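# Residue-level structural notes
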Amino acid sequence: MRRKACWAILACLCIAACSSSGVLQTMKQKEVDEAADSRTPTKPRDARTRAKLHTELGSLYLQDGNLAVALEELTIAIDIDPDYAKAYATRGLAGFRVREMQSADQDFRRALSLDANDPEINNNYGWFLCQVGREKEAITFFQQAIKNPLYETPEKAYLNAGSCYAKLGELVTAENYVQQSLLIAPNNPQALLQLASINYERGHLELAKQQLSSLLRRTEPSAEALWLGVRIERRLGERVAEAKYVSQLRRRFPLSPEAQQLLRGNFE
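These lines cover the structure that appears in this document, whether it is placed above or below.

### A few points about the state of the cysteines
Under the criterion given, the structure shown has 1 disulfide. One disulfide in the model links cysteine 130 with cysteine 164; its S-S distance is 2.3 Å. Its S-S torsion of about 125 degrees marks the bond between cysteine 130 and cysteine 164 as right-handed, since a negative value means left-handed. With cysteine 130 in helix H7 (residues 119-131) and cysteine 164 in helix H9 (residues 154-167), this pair connects stretches of sequence that are 34 residues apart. Residue classification places cysteine 130 among the buried residues on the basis of a relative accessible area of 3%. Under the relative-accessibility criterion, cysteine 164 is labelled buried at 0%.

In structure tokens form, the structure reads like this:
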């Protein structure tokens, strides 16, 4: 489960049942033990196995926000096994986080040259392209992920494709992809929020308000959800409701990009 979590959109990351620091300590000890085994002539270590271990460590450090160590572990993995696609793809995600976009793009492309059919790599590269303004290119990679019958979490690619189509202004298509995502994972808060956002963009304000209210009754609000609430109520002319969302956004997420948009008055 933890390995799969490393390949999700860089949001909503959580390590269950223990703190990330505890996981990292355990993994680090495992690395030390296995490294010792590799120096024992009777226990030779396979390069791919060691590369996988360092990739897992890099993914955990990436989740934990320790980007420098994450990059170090992923580079070690690639040095051990230069043909391990997941190490390059994970380093591509880390590269995005440190704003090294050219290096990140190169890592993703190298990963795909090694394993063009891996659905997680295709999905994550599509997500990367959508984040850097290359939405039309991104769609191809989401579709490549979706059509793979072995993909265990196609709802992620459907949702990412929907978000990307929304950025392109193709809102009907965007909604169709998000609805497909919800058919697979009906209670995914990210998909429900995206659906409300799409309806807001389409001018279906009452529907967007209803969908957002339903979501917030079941989950803790995110900065993105509160910001959407501000804009929905503002366009509906509901000043009291708008003020409530504004208050929550300022109190809960004062340093968020959404709070900065509020301060600047960039409501659209």
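### Some details on unusual backbone geometry
We note that arginine 99 has phi near 65 degrees; this positive angle belongs to a residue other than glycine. Note that arginine 99 resides in the loop between helix H5 (85-97) and helix H6 (101-114). Its relative accessible area of 56% is what places arginine 99 among the exposed residues.

### Looking at the pattern of salt bridges
Side chains that differ in charge, positive against negative, can pair when their charged atoms come close. Within this structure, the stated rule accounts for 13 salt bridges. Residue arginine 48 is joined to aspartate 81 by a salt bridge in which the shortest nitrogen-to-oxygen separation is 2.4 Å. Separated by 33 residues along the polypeptide, arginine 48 in helix H3 (residues 47-63) and aspartate 81 in the loop between helix H4 (67-80) and H5 bring together distant segments of the chain. Judged by relative accessible area, which is 9%, aspartate 81 ranks as buried. With its nearest N and O atoms 3.4 Å apart, the salt bridge here joins glutamate 233 to lysine 209. Placement of glutamate 233 in helix H13 (residues 223-236) and of lysine 209 in helix H12 (residues 205-218) is noted, with a sequence separation of 24 residues between them. With relative accessibility at 3%, the residue glutamate 233 sits in the buried group. Each of Asp105, Arg109, Arg134 and Glu137 takes part in salt bridges that share partners, so that together they form one network.

### Things to note about H6
Between its first and last C-alpha atoms H6 spans 20 Å; for 14 residues at 1.5 Å apiece the expected length is 20 Å, and the two agree. All of the buried residues along H6 are Ala104, Asp105, Asp107, Phe108, Ala111 and Leu112. When H6 is viewed along its axis, its buried side chains cluster within an angular range of 160 degrees and face the same direction. Along H6, the residues that are exposed and aim more than 90 degrees away from the buried face are Gln102 and Ser113. Among the structural elements, H5, H7 and helix H8 (135-146) are those in contact with the buried residues of H6.

### Brief notes about the environment of tyrosine 125
Inspection of the secondary structure puts tyrosine 125 in helix H7. Along the chain, tyrosine 125 and phenylalanine 142 lie 17 residues apart, while their C-alpha atoms are 8.5 Å from each other. Within the structure, the side chain of tyrosine 125 is placed 2.7 Å from the side chain of aspartate 105, a separation counted as a polar contact.

### Side note on empty space enclosed by the protein
Counted according to the given criterion, the structure contains 1 cavity of 30 Å³ or more. Of the volumes computed, that of the largest cavity is approximately 40 Å³. For the largest cavity, the full set of lining residues is Lys209, Leu212, Ser213, Gly229, Ile232, Glu233 and Tyr245. Along the lines of polarity and charge, the residues of the lining of the largest cavity split into 3 nonpolar, 2 polar and 2 charged.

### Observations concerning H12
The end-to-end C-alpha distance of H12 is 20 Å, a good match for the 20 Å that 14 residues give at a rise of 1.5 Å each. When H12 is considered as a whole, its buried residues turn out to be Leu205, Ala208, Gln211, Leu212 and Leu215. Taken end-on, H12 shows its buried residues confined to a sector of 130 degrees, consistent with a single buried face. Residues Glu206, Gln210, Arg217 and Arg218 are exposed on H12 and point more than 90 degrees away from its buried face. Buried-residue contacts for H12 involve helix H11 (189-201), H13 and helix H14 (239-252).

Scoring rules and cut-offs
Residues numbered from 1 in each chain as written. Predicted model: local features only at pLDDT ≥ 70, side-chain atom pairs only at ≥ 80, totals over all residues. Heavy atoms only, no water. Disulfide = S-S within 2.5 Å. Helix = DSSP H or I, 4+ residues; strand = E, 2+ residues; numbered from the N terminus. Buried < 20%, exposed > 50% of the residue type's maximum accessible area, 1.4 Å probe, protein only. Salt bridge = Lys/Arg side-chain N within 4 Å of Asp/Glu carboxyl O. Expected span 1.5 Å × (residues − 1). Arc of directions from axis to C-beta. Contact = heavy atoms within 4.5 Å. Polar contact = N/O pair within 3.5 Å; in protein donor to acceptor, adjacent residues only side chain to side chain. 1 Å grid on protein atoms, 1.4 Å probe; cavity = no way out; pocket = protein on both sides within 12 Å on 5 of 7 lines; lining within 4 Å. Points joined across faces, edges and corners; volume = space filled by probe spheres on them. Nonpolar A, V, L, I, M, F, W, Y, C, P; charged D, E, K, R; others polar.

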